[in-house]
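Spelled out from the first residue to the last, the chains are:
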Amino acid sequence: MHRRKFLQLTGAAASAAILTRHADAAPAAAANATDTPSAKSAAVTPGGPLAVVTPNGSTLPLRTVGNVKVGHLVAEEFEHDFAPGLKVRVWGYNGGTPGPTIECMEGDRLRLYVTNRLREPTTVHWHGIILANGMDGVSGLNQPPIAPGQTFVYEFTLRQHGTFMYHPHFDEMTQIALGMHGMFVVHPKQAKKVDRDFALMTHEWKIAAGTKRPDPNAMSDFNVLTFNGKAFPATQPMLVGKGERVRMRFGNLSPMDHHPIHIHGLNFAVTATDGGDTPASAQHAETTVLVPVGSTRTIEFTPPESGDWAMHCHMTHHVMMQMGHGIVPMVGADMTKLEQRMERLLPEYMTMGTTGMGGMGEMIMPIPENSAPMRGGNGPFGYIDMGGMFTVLKVRDDPSAPDAQGWYKHPPGTTASAATPEQMQKDGIRFDS
Ligand SMILES: [Cu+2]
């Protein structure tokens, strides 16, 4: 089907959910990929804190010159892969969205060069970092904008620790929406030991199906939701050991939405925000952490159960992809007559959504070029009908085992299964079908 036809269908079927997915077979879920960021965090300094892993991302290389750590961020446009089938031109840093995670120690003197390879000016604001006013990066207020082709230098000493972010403070609406942001981690001098430490930037994008650029003017109806710039199944799962101490740092520079991040199979405490550490007396157990726009949340937990555990934004539209949301609800409707009439006009017409949307991701249907509507991924029990801001936390008894990155092997008798009539009768369950 051509894109024009698809659009016709979308328009014609005012009542029907046109939910489609790629004509080619679903790619192997990245949830089973071999490049799981599992490497146990290496020490940044002997006996010191641990290195942060940014799944699907990178860490900014820093050179030591005298007593100063020197880094270089390049603001630029490049092609980015969101999910299988969806390649879009975005703006970011050093070829990445998010840009590389900046990772330092409290007390470090930092000199950061910023080169502007965009066609408009930019600046960098170090979100949450306490520094001299002239280093804060607000264009017009603290500095002149960095012109295209120009390189600016920022220099400051880190007097605090925590999880922060960086982003432009010139034409924020466009530049952040197009992908310019990154995480900024400062380890305390007396680091609290953990076994794993992950950084995840949440984001939302409006990318009309078949187009090559995100729409920075969008205020609602964001249709591509990402962890570190990737939508499931392109999100790299995270591998940890049962009983290990795990830290996750979430950032949110989405244009408009907060993200309640939910992890299955465990509970956690929020140990810090970008404002500082949460005192132990104020910490409590949670299963979902709301990460508001313009803030970070750091959580810590010790997973009590091995398995492949879902981790996702709990806004249900944030685990969907480029489907149309402006549609009439069809659940439970009998559309037989309408379908017959529509087929006279459009032979390929089909109504969707009358039994819910769960089957849509798996359907082999043509879609417009360069789009990933409602993409999901293959799981060990069938199709995982979620896309967007969804990933998998792989908890293993032995995370170094050779098969640790494959699907979890459930011990016999520990999976839900179809009930037998005998079982139901024995337990007094009545169901006349
Ligand atoms: Cu969300």
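A. Highlighting the nonpolar core. Residues Ala-75, Phe-82, Val-114, Phe-184, Leu-200, Ala-231 and Leu-393 are the most contacted members of the largest nonpolar core, which totals 72 residues. Excluding anything up to four places from it in sequence, Phe-184 contacts Ile-102, Trp-126, Ile-129, Phe-164, Met-165 and Tyr-166.

B. The arrangement of the confidence of the model for the chain in detail. Within the chain, residue pLDDT values average 84, and 79% of them lie at 70 or more. A low-confidence stretch, residues 1–35 stays under pLDDT 50, and its non-local contacts, those more than four residues away or across chains, total 78 contacts. Considering only residues more than four positions removed or in separate chains, one finds that residues 37–48, a stretch of pLDDT under 50, has 24 contacts.

C. Focus on the sheet that holds strand 18 (residues 288–291). Read across the open sheet, the 5 strands follow the order 12-23-20-14-18; overall the sheet is mixed. Either end of the sheet is taken by a strand with one partner, and the two such strands are strand 12 (238–241) and strand 18. Going across the sheet, the axis of each strand differs from the next one's by a mean of 20°, ignoring polarity. Direction of pairing for strand 14 (residues 259–263) relative to strand 20 (residues 307–313): antiparallel, over a ladder of 3 bridges. Bridged to His-262 within strand 20 is His-312.

D. Region of interest: the environment of Ala-282. Looking at where Ala-282 falls in the secondary structure, it is placed in the loop between strand 16 (276–277) and strand 17 (285–286). Distance in space between the C-alpha atoms of Ala-282 and Ala-269 is 9.6 Å, their sequence separation being 13 residues.

Parameters at a glance
Residues numbered from 1 in each chain as written. Predicted model: local features only at pLDDT ≥ 70, side-chain atom pairs only at ≥ 80, totals over all residues. Core = buried A, V, L, I, M, F, W, Y, C linked by C-beta atoms within 7 Å. Buried ≥ 20, exposed ≤ 12 C-beta atoms within 10 Å, placed from the backbone. Contact = placed C-beta atoms within 7 Å. pLDDT = per-residue confidence, 0-100. Pairing = 2+ DSSP bridges. Helix = DSSP H or I, 4+ residues; strand = E, 2+ residues; numbered from the N terminus. Axes fitted to C-alpha atoms, helices over the stretch in contact; angles between N-to-C directions.

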